[in-house]
Amino acid sequence: MMERMSMRRVLAMGLLLALLAWPHGTQTQTTDDAAAKNAKQAKTVLDAMVKALGGDAWLNMKNVERHGQVAAFFHGHPDLGTTEIFEFHQWPDHDRIDITKHRDVVQFYVGRTGEEVTYKGKAALPQEQVDDYMRRRDHSIETVVKTWMNDPRTILVFEGQRLAERHLADQVTLISADNESVTIQTDTQTHLPLRRTFQWRDPLYKDKNTDAEEYDDYHDMQAFPTAFTISRYKNDDEIRQYYLLTVKYNQDLPADFWSVDVADKRIKK
C-alpha cells in the first residue's frame, strides 16, 4: 500500500513540478496550494467537457447504438475494404457488436466476459481480445467521468494547452487510486473531447504500450454532440478507423437483447 501511494505521489509531483515552471501560478505558492489550484483547473476542464457532451442527460443516458463502417490499418496503411458494424453500449458493462450488414456475427462483452456467435454456434472470444476490450472500456471517457471523478482518491492534473488534430486543446491527466492514468484533450472552444490516451504494460514482454483514440466530425444527434469519425492508435500507429453513419440514444431494447443464447438461436446454422 505504501509503495502504491508513493508511486501516485511521484507521478503527481512530477507533473506539478513541470507546471510550476510555467507562467501561470507563482513560485511562492506551497506545493499543496499549487496542487489544489491545479486540480481545480483540471476539474473545470472536465466539467466543461461533460456539459458540452450533454450534461445530466449524457450522464444518465440509457444506451447508445452506433452504426457505421470500420477500416483496419497495418503499419499506417489501410486494409482493402471496410466492415459494417452495429455497436450497442449500455452503462456500465454491457456491449454488443453486430458485424456485417446481415448481422450474422455477434460479439458480446457483458461484465468481464466476451463471447461470439456465428453460424457455427457460440464460443468464448480469445482472452487477448477480451482483455483489450476491457482495457479500453476501463479507460474510456465515460468510465473516467462516471467512476474515476467520483473517487476522492483520484488525482487531477491540468497540463496546459496542446495541439490535437489541428485544434488547440486543454489537456488533463487523471491518476486513479490504482495508479492507472488517462489523459484527455478537449477543444478549448467547444470543450468536446479530441483525444483520450492511456498506457498499459504488456503482460508477456513487460514493455509499455500506448492506446489512444481521436474524435472528429461531431454532429448533434438527439441533442448529444457525437463524433462520427473515431480513430484508434496503438503506440502511435493507426490500427482502426470508424466512420459512423447513424447514432441513436436511449432506445427501448428487447428484454433478451443481451442474451447470447437468443442470438445463437437467431443466426442460421
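Definitions and cut-offs
- Residues numbered from 1 in each chain as written.
- Predicted model: local features only at pLDDT ≥ 70, side-chain atom pairs only at ≥ 80, totals over all residues.
- Heavy atoms only, no water.
- Helix = DSSP H or I, 4+ residues; strand = E, 2+ residues; numbered from the N terminus.
- Buried < 20%, exposed > 50% of the residue type's maximum accessible area, 1.4 Å probe, protein only.
- Contact = heavy atoms within 4.5 Å.
- Areas by Shrake-Rupley, 256 points an atom, 1.4 Å probe, with all protein chains shown as cover.
- Phe/Tyr/Trp six-rings, centres within 6.5 Å; stacked < 30°, edge-to-face > 60°.
- Lys NZ or Arg CZ within 6 Å of the ring centre and 35° of its normal.
- Expected span 1.5 Å × (residues − 1).
- Salt bridge = Lys/Arg side-chain N within 4 Å of Asp/Glu carboxyl O.

A. A look at the overall build of the protein. Along the protein, the regular secondary structure elements total 6 helices and 14 strands. Classification of the 269 residues of the protein by burial places 45% in the buried group. Once local pairs closer than 6 in sequence are excluded, the contacts in the protein between residues at least 24 apart make up 47%. About 15,100 Å² of surface is accessible on the protein, with carbon and sulfur atoms providing 54% of the total.

B. Up close: unusual backbone geometry. Following W91, the chain continues to P92 via a peptide bond in cis, the omega torsion being 5°. Tracing the chain through its elements places P92 in the loop between β3 (83–90) and β4 (94–99). One non-glycine residue, Q222, adopts positive backbone phi at about 55°. Secondary-structure assignment places Q222 in the loop between β12 (208–221) and β13 (224–234).

C. The arrangement of the packing of aromatic side chains in detail. Per the counting criterion, the structure on display carries 4 aromatic pairs. Their ring planes at 5° and their centres at 3.8 Å tell us that Y109 and Y133 sit as a pair that is stacked. Here Y133 lies in helix α4 (residues 127–138) and Y109 lies in strand β5 (residues 105–110), a separation of 24 residues in the sequence. Side by side, Y109 and Y133 carry an identical accessibility label, which is buried. Seen from their ring centres, F257 and W258 are 5.1 Å apart, and the 90° between their planes marks the pair as edge-to-face. W258 shares its class with F257; the two are buried. Every member of this aromatic cluster is reached through a ring pair, and the members are F88, F257 and W258. Lying over the aromatic face of F86, R103 brings its terminal NZ or CZ to 4.2 Å of the ring centre.

D. Structural context of helix α2 (residues 31–53). For α2, built from 23 residues, the straight-helix expectation of 33 Å at 1.5 Å per residue is met to within 8% by its first-to-last C-alpha distance of 33 Å. All buried positions along α2 are accounted for by A34, N38, A42, V45, L46, M49, V50 and L53. Positive phi appears at G54, one or two residues downstream of α2, with a value of about 135°.

E. Focus on the pattern of salt bridges. Enumeration over the complete set of coordinates arrives at 16 salt bridges. Notably, a salt bridge pairs R232 with D211, separated by 3.4 Å at the nearest N-O pair. A residue pair is termed long-range when its members are at least 10 positions apart, and R232 in strand β13 and D211 in strand β12 qualify at 21 residues. Using a relative accessible area of 6% as the deciding quantity, one classes R232 as buried. Taking the relative accessible area as the measure of exposure, D211 reaches 3% and is therefore buried. Residues joined in a network through salt bridges with shared partners are D132, R135, R136, R196, D211, E213 and R232.

F. Just the environment of A71, in detail. Secondary-structure assignment places A71 in strand β1 (residues 64–74). Taking relative accessible area as the criterion, A71 reaches 5% and is therefore assigned buried. C-alpha separation for the pair A71 and T83, spaced 12 residues apart in sequence, amounts to 6.7 Å. With sequence-adjacent residues up to four places away left out, A71 is seen in contact with T82, I239, R240, Q241 and Y243.

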